[in-house]
Amino acid sequence: MSLFLFEFKKIWQPKILLALTILALIFSYMFLSFPLRNFPNGHPYTEQYALMEYWTEKYGTTMDVSERFDAEQGRNDLISQIDTFIKTNSQFAEAGIHSYEQWKTVKDEDVSSSLRTLLYSQNGEWLGYRIDAIDSALDAYDVRYSNPHMTETEYTNYEKNRIDNLIDEEKLNGIMPYEAIENVTEYSRWGAVFILLSLLILLAPTITRDSLVNLRQLQWSSRCGRRILRVQLIATLFSTILLVITELALLLAAYSTLNTQSFWKNPINSFFYGENYWIDMTYGQYVLCFIGVISLLAIGAAGITFAISWYSDNYISLLFKAIPFFVVFVLLSNMILTNLLCFNNVLSKLTGIAGTEILISMIIFFISMSLCSIILLREKKRELI
Amino acid sequence: MRLVTFELKKLLSLPMLWVFMLLCLILNGTIIISNVYDTGDIDFSKYMSKTLTTTGTQMGEEFDKILTSMPESEWRNLLISQTSDAESTFISTDATALGNKIISLYGFSGFWEEQITNKYEKLQVPVGQLVESNASLSVYFAGMTRDFHQLLFSSLFSAMTTEVCLLAVLAMLYILGFESKNYSEDVLYATRSGRSIPKNKIFAALIIALLMFIILFGASLLLFFSIFDCSGIWNSNVSSQFNYIQELGFTKPFWTWISFTVAEYLMARLMLAAMLVIVFSLFAAFIGLQCKNSYMGFVVFLTIAFGMMALPQFCASMRFWGGYFLSEFLPIPLWYCSSQWLTDLGGISLIPWHETIALIGNTIFFFLLILFALRKFNRKDII
């Protein structure tokens, strides 16, 4: 145990931790703060998000046909509100327009666009965007089993089967805003990049440092002997888990301020969000899926970093290996996390196999662990001099 | 000089340096091939280069006449559709209007608004010359110009510059941390050459940085030009009407501070990139002189680099425009805007030739900083 603690201490160097903290602050400011500060990002996403939030509160996680007609009533109420706004506005009166229906029939583009500005402005309480949000959501609901993305001809057999399953079992009733999924994806992508960067910075120098100060031979001649590398690997993996948990906790804590938890139990296969997923999941389960994949990738990256560190005899050689590894891993994690478990995931599209991205994450994990096991075995057989 | 040779040997015998360079070349090759694969651009470039030797690089009646008399082909028809009846015009010819657009987009006011207006008034002079010389009628690569220019001067140049800068930083940190790593520091500083050794190390690392620059840029550009036949476009003006810049959602002409042909622009960009490599190398040398541990040196470099990248964004969000414009002179923001070098640089610069002045300034600044650091190092106690 004491050996483990020594190795653990070697990893958590105060200077590196200080640098990591500064990097975390800068990185958060540059990349992670955008999805936090700009959510929902402008119009019409703000109105669409608010509508979905309202419908979730009123109808629950899904919308059935009777609720759709109730929502129609909500639309009528909003039109009454728009009519009141139009009647009380002098510019509409000058143009001879007294109702929303009348405004929609205006043919003159100049008049139409100047009045449109009024309706789609803050003074107009964004009424234009609000009615558009309801209309687009109700339209999407009505065509949810027949719209183009369900009947595209380029689908593979797997995809066609899944679509048939979604149609047969009527699974496209979920109330889910587009922005919630897009935002969590972007946040996860940047989060994964930072977790990977911090893991590399923290873990990479440990084993190389032992080699640099000729500590290996000394360690081998101790009572613990060559088992020391196993302890170092355990300390590395333990540190990885600790760092990943801490960073994920901080990331989630920051993200929870957006209150997207209101959609936690809503299915992501929704009539409004136009992507199809391979699995029936709720938004909450989807977020947990991101956490799982990022953790898997992080442990995989930690194992490979351990191997890189073991194979490097000086810091610069280590960095020459770590930089390309970081670039490749960032590209890969981006491909995995973008449209995760969705038809449109690049990796799934490439292989034509559902959930390829999860499979690749697991392969990375197993390659990394196998690499570490090979190193442990080789260390036992290695000559002292 | 003998000491520099020894240091050079140390650097050149680092196997990972060459492996890293090979990986960079593979990456550059991937960038080129993935952008041209199955696009027909290569065939079009070959056709254009062959044709332009006959037609010349200036569009107009004569150009149209010669082109129409050439043998019928798919590429000829495409070129005719893109160039026939071309008029001498840019998207706009009013630099002041462009300045006003930039001002309203960024929200500059008062003193900063005046400075930006001044810059665009100065830009009106070269714009007038470009209009007079019919630069907009330069054919460059016709409809393929924007894609070609982006691939070469944005994607490929950015990748190559980043790679060589990284190589330069790592080489510098390696050589400055070498003695500490081998526990030879104390013995070395007690020799006759003693404290002058870091000076030789810095010189050697600078030579290596430039050597890497020549090899990496040379090999990548050789591959690029062996794929794209550019023999006919070297004399085309880079400010052709087919070339443009997109900034904050609007399109502006590719106006440079003086008239550049493609060949001149390539040379100018190469020289500026080499200067940036020297700046990064000197920047790493300063860190290397402070940190004995090369890994910590790199972590410090990375942290400062991230800080430099965030600074303009932070100052702009606070509407602290003085800090914003000053921070745009730092090496990382300069690297970040490299695809627009030698143009007006929109809302990120206050003066003409921003990147050239900033790079010269940075080189002098870091050179002086190193002199100061070496002086400090000479007086430092070994124990």
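See the structure shown above.
It should be emphasised that the depicted structure is a prediction, and the values quoted were computed from it without experimental measurement. (Residues numbered from 1 in each chain as written. Chains lettered and ligands numbered in written order. Predicted model: local features only at pLDDT ≥ 70, side-chain atom pairs only at ≥ 80, totals over all residues. Heavy atoms only, no water.)

Asker: What am I meant to see in the overall build of chain B here?
Answerer: Of regular secondary structure, chain B possesses 15 helices and 2 strands. Along the three orthogonal principal directions, the C-alpha set of chain B runs to about 80 × 50 × 30 Å. Sorting the 383 residues of chain B into buried and exposed places 53% on the buried side. Counting only contacts in chain B whose residues sit at least 6 apart along the sequence, the fraction spanning at least 24 positions is 80%. With an accessible surface of roughly 16800 Å², chain B has 64% of that area assigned to carbon and sulfur atoms. (Helix = DSSP H or I, 4+ residues; strand = E, 2+ residues; numbered from the N terminus. Buried < 20%, exposed > 50% of the residue type's maximum accessible area, 1.4 Å probe, protein only. Contact = heavy atoms within 4.5 Å. Areas by Shrake-Rupley, 256 points an atom, 1.4 Å probe, with all protein chains shown as cover.)

Asker: Is there a simple way to explain helix α7 (residues 110-132) of chain B in this structure?
Answerer: An α-helical turn contains 3.6 residues, so any two residues separated by three or four positions project in the same direction. All names here are of chain B. Taking 1.5 Å of rise per residue, 23 residues should cover 33 Å, and α7 covers 33 Å from first to last C-alpha, within 8% of that figure. Of all the bends in α7, the greatest, near 25°, is centred on Val-125, and the proline Pro-126 appears no more than four residues after it. Listed as buried for α7 are Ile-116, Lys-119, Tyr-120, Leu-123, Pro-126, Val-127 and Leu-130. Packed against the buried residues of α7 are α6 (95-106) and α13 (321-327). (Expected span 1.5 Å × (residues − 1). Bend = angle between axes of the 7 residues up to and from the residue.)

Asker: What should I look at first to understand the interface of chain A and chain B in this one?
Answerer: The extent of an interface is frequently quoted as the accessible surface area lost upon association of the parts. Across the boundary between the two partners, chain A contributes 27 residues, which contact 27 residues of chain B. In total, about 2500 Å² of surface goes out of reach between chain A and chain B, with carbon and sulfur atoms giving 82% of it. When residues of chain A are sorted by the area they lose upon contact with chain B, Tyr29(A), Ile316(A) and Phe320(A) head the list and together hold 28% of the total. One can count 0 salt bridges joining chain A with chain B. Put simply, chain A and chain B have 5 residue pairs in polar contact (both at pLDDT 80 or more) between them. Elements that contribute at least two residues to the side of chain A that touches chain B include exactly α2 (14-37), α11 (178-203), α12 (205-212) and α16 (315-337) of chain A. Ranked by residue count, the leading element in the side of chain A that touches chain B is α2(A), at 10 residues. For the side of chain A that touches chain B, a count of residues per class yields 23 nonpolar, 2 polar and 2 charged. (Buried area = accessible area lost by both parts, 1.4 Å probe. Salt bridge = Lys/Arg side-chain N within 4 Å of Asp/Glu carboxyl O. Polar contact = N/O pair within 3.5 Å; in protein donor to acceptor, adjacent residues only side chain to side chain. Nonpolar A, V, L, I, M, F, W, Y, C, P; charged D, E, K, R; others polar.)

Asker: How do you make sense of the packing of aromatic side chains when you look at a structure like this?
Answerer: Both the distance between ring centres and the angle between the ring planes are used here to describe each pair of aromatic rings. Residue and element names in this part refer to chain A. This structure, assessed with the given rule, holds 57 aromatic pairs over all chains. Aromatic pair Tyr-49 and Phe-263: ring centres 5.3 Å apart, planes at 65°, arrangement edge-to-face. Of the two residues, Tyr-49 sits in helix α3 (residues 45-59) while Phe-263 sits in the loop between α14 (228-255) and α15 (283-310), which places them 214 residues apart along the sequence. The class for Phe-263 is buried, based on a relative accessible area of 0%. (Phe/Tyr/Trp six-rings, centres within 6.5 Å; stacked < 30°, edge-to-face > 60°.)

Treat this as a map of the structure, not an account of what it does.
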